[in-house]
Amino acid sequence: MPPRDNGHEEPVIRDNRKIDPETGLPREPDAAQETAERPAEAPAAGPAADGELATQLAERTADLQRLQAEYVNYRKRVERDRAAVREQAVAGALTELLPVLDDIGRAREHGELTGGFAKVAESLEATLTKLGLTAYGQKGDPFDPTVHEALMHSYSADVSEATAVEVFQPGYRMGERVLRPARVAVAEPAEPQEPAAGGQGESEDES
């Protein structure tokens with residue numbers, strides 16, 4: 001910028017028009033201006049930058065996998081809890097209906113299960129069977145304290161192990177869950193006869 005006579009610099013006016021107004025032809029770009037207008041190029045990424053990106057990618061991938069595993073475990077836990085609640089509700093409802101089944105059983109034994117009452121009873125039993133209810137407990141079954149309740153006890157030479165010789169009330173289960181144990185009379189093998197005292201003394205004298 002050339003100095004003025006009074007010591008101040010005169011402003012420099014640049015003509016940035018791309019078309020020369022005198023010739024009407026395009027002007028050649030100024031090298032300095034082209035350099036100034038050119039965007040700065042990003043520095044080339046080095047090995048350190050690549051390693052940092054790989055580390056960040058591995059961390060994000062691990063976070064995503066952890067979140068996915070937590071979500072899968074959450075879904076399994078919710079489904080398991082939902083199934084347990086449903087099973088508990090069904091078991092409670094079936095337990096409340098067991099006295100009705102006892103009445104139906106007694107009516108059947110006495111020949112009173114006839115007509116429309118018989119059809120209703122059969123429909124109810126079929127529906128409860130679909131819900132998973134099964135009856136158990138037959139005369140002659142081996143006694144199992146986990147599923148049987150002994151109301152009477154006796155000894156018998158006709159059995160070789162503890163056996164249910166009479167069924168007072170059938171048991172019911174839903175799947176592996178026992179809703180009510182079978183109430184039975186249990187007989188065990190006859191107790192062995194103890195040798196008489198006199199006979200034992202004679203054998204000792206003979207020896």
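That block above? That's the structure.
Keep in mind that this is a model prediction, so the values were computed, not measured. (Residues numbered from 1 in each chain as written. Predicted model: local features only at pLDDT ≥ 70, side-chain atom pairs only at ≥ 80, totals over all residues. Heavy atoms only, no water.)

Peer 1: Help me out: how do you make sense of the overall build of the protein in this one?
Peer 2: From N to C terminus, the protein includes four helices and six strands. Looking at the protein as a whole, 15% of its 207 residues qualify as buried. Accessible surface for the protein amounts to roughly 16500 Å². Of this, 53% is attributable to carbon and sulfur atoms. (Helix = DSSP H or I, 4+ residues; strand = E, 2+ residues; numbered from the N terminus. Buried < 20%, exposed > 50% of the residue type's maximum accessible area, 1.4 Å probe, protein only. Areas by Shrake-Rupley, 256 points an atom, 1.4 Å probe, with all protein chains shown as cover.)

Peer 1: So what exactly am I meant to see when it comes to the sheet that holds strand β5 (residues 177-180) here?
Peer 2: Spatially, the three strands line up as an open sheet ordered β1-β4-β5, and their pairing is antiparallel. With partners counted over all chains shown, the strands left at the sheet margins are β1 (133-136) and β5, one partner each. The sheet shows a mean angle of 35 degrees between the axes of neighbouring strands, direction not considered. One ladder, built from four bridges, connects β1 with strand β4 (residues 171-174); its direction is antiparallel. If you follow A135 over to β4, its bridge partner there is Y172. (Pairing = 2+ DSSP bridges. Axes fitted to C-alpha atoms, helices over the stretch in contact; angles between N-to-C directions.)

By themselves, these are just geometric observations and shouldn't be taken as functional.
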